[in-house]
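Summary of the model geometry
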There are 2 protein chains.
Amino acid sequence: MKKRLLIVVMSLVLCIGFALSAIAQVKPATLVKQRQAAMTLLGKYFGPLGAMAQDKAPFDAEIVKRNALLLEALAKMPWDGFQEATANEKSEALPSVFKDPAKFKKASEDTQAAIANLVTVSKTGDTPALKTAIGGVGKTCGGCHDNFREKKQ
Amino acid sequence: MKKRLLIVVMSLVLCIGFALSAIAQVKPATLVKQRQAAMTLLGKYFGPLGAMAQDKAPFDAEIVKRNALLLEALAKMPWDGFQEATANEKSEALPSVFKDPAKFKKASEDTQAAIANLVTVSKTGDTPALKTAIGGVGKTCGGCHDNFREKKQ
């Protein structure tokens, strides 16, 4: 019985080891490239919504609905790229990302929650409510950038 | 009556003009950056599935299911970045993208169809079927890269 247990434990250790080595295989530079790619696309699909909410572009509820769904998928993508191993890579991420991971995690979750809310509201097509929901997303993006991203010159 | 029709036509022309100028506002370099970002993320989420299908990584149906949904969203994102205006930008896109847009469009649609099939199959959790579906996606990626992307040295 003890031998069996040992085999199970050893198998588990091997599996975990394999999983960790699979994660570790992604180079820090690749992690940075991937997380920046996600931010680029969040910008691509949020930009037009921000312009609509601020009356800088004609409001189009269909585009809001489509982009909200794409943003929902994209908002899952950047965070696993902010690994400690990337701390010394060239990027705009401030050291605070790695010094206060709990606060950073909270900020990433706030953004995802605001986007989930936008997806829900986008199904109603209610323009004022949509503008408020878009504003809510913008606030969480900006809040995170203020604390965790280098200020642009 | 004719005057009314004229007003409607003029309004339409203005609207289309506005829409086109809104598209034109995105710089060619930005379009290239955005489409490359989508390709980077398609690679991020397809890579592990390719490894699983080729038995280079342990098969995990839950990861396949999650990644399939992310790939479905990502597969909508690169194509509007391949505008004629980007033909002279530095990138790996071959001139064939702009010389044979119908063939390129077909290739992009094949990829999206293969990913939609993977999403459907991923709900079954059937490993052999999933490996086949992953292979199907890989084939459409490779087919498009063969015809429309510079060969890597």
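Calculation rules
- Residues numbered from 1 in each chain as written.
- Chains lettered and ligands numbered in written order.
- Predicted model: local features only at pLDDT ≥ 70, side-chain atom pairs only at ≥ 80, totals over all residues.
- Heavy atoms only, no water.
- Helix = DSSP H or I, 4+ residues; strand = E, 2+ residues; numbered from the N terminus.
- Expected span 1.5 Å × (residues − 1).
- Buried < 20%, exposed > 50% of the residue type's maximum accessible area, 1.4 Å probe, protein only.
- Contact = heavy atoms within 4.5 Å.
- Lys, Arg positive; Asp, Glu negative; His and termini not counted.
- Salt bridge = Lys/Arg side-chain N within 4 Å of Asp/Glu carboxyl O.
- Polar contact = N/O pair within 3.5 Å; in protein donor to acceptor, adjacent residues only side chain to side chain.
- Least-squares fit on C-alpha atoms with pLDDT ≥ 70 in both.

Another aspect to go through is helix α5 (residues 101-122) of chain A. Residue and element names in this part refer to chain A. Counted at 1.5 Å a residue, the expected span for α5 with its 22 residues is 32 Å, and the 31 Å between its end C-alpha atoms agrees. Buried residues of α5: Phe 104, Ala 107, Ser 108, Thr 111, Ala 114, Ile 115, Leu 118, Val 119, Val 121 and Ser 122, and no others. Where α5 is buried, its residues meet α2 (28-53), α3 (61-74), α4 (96-99) and α6 (127-148).

Residues and elements named next belong to chain A. Note that Arg 35 resides in helix α2. One buried charged side chain, Arg 35, makes no salt bridge at all; its nearest oppositely charged neighbour is Glu 89, positioned 8.2 Å away. A distance of 2.9 Å separates the side chain of Arg 35 from the side chain of Thr 86, its partner in a polar contact. Contact partners of Arg 35, with chain neighbours within four places excluded, come to Pro 78, Gly 81, Phe 82, Thr 86, Ser 91, Ala 93 and Phe 98.

On to the relation of the copies chain B and chain A, then. With an RMSD of 0.0 Å, the operation that places chain B on chain A is a rotation of 180 degrees combined with a shift of 0.0 Å along the axis. Interpreted geometrically, this transformation is the action of a two-fold axis. No C-alpha of chain B lies nearer the rotation axis than that of B:Ala37, which sits 2.2 Å from it. Comparing interface residues between copies, 89% of those in chain B also sit at the interface in chain A, which points to an isologous, same-surface contact.

None of the figures reported here should be taken as evidence of function without further support.
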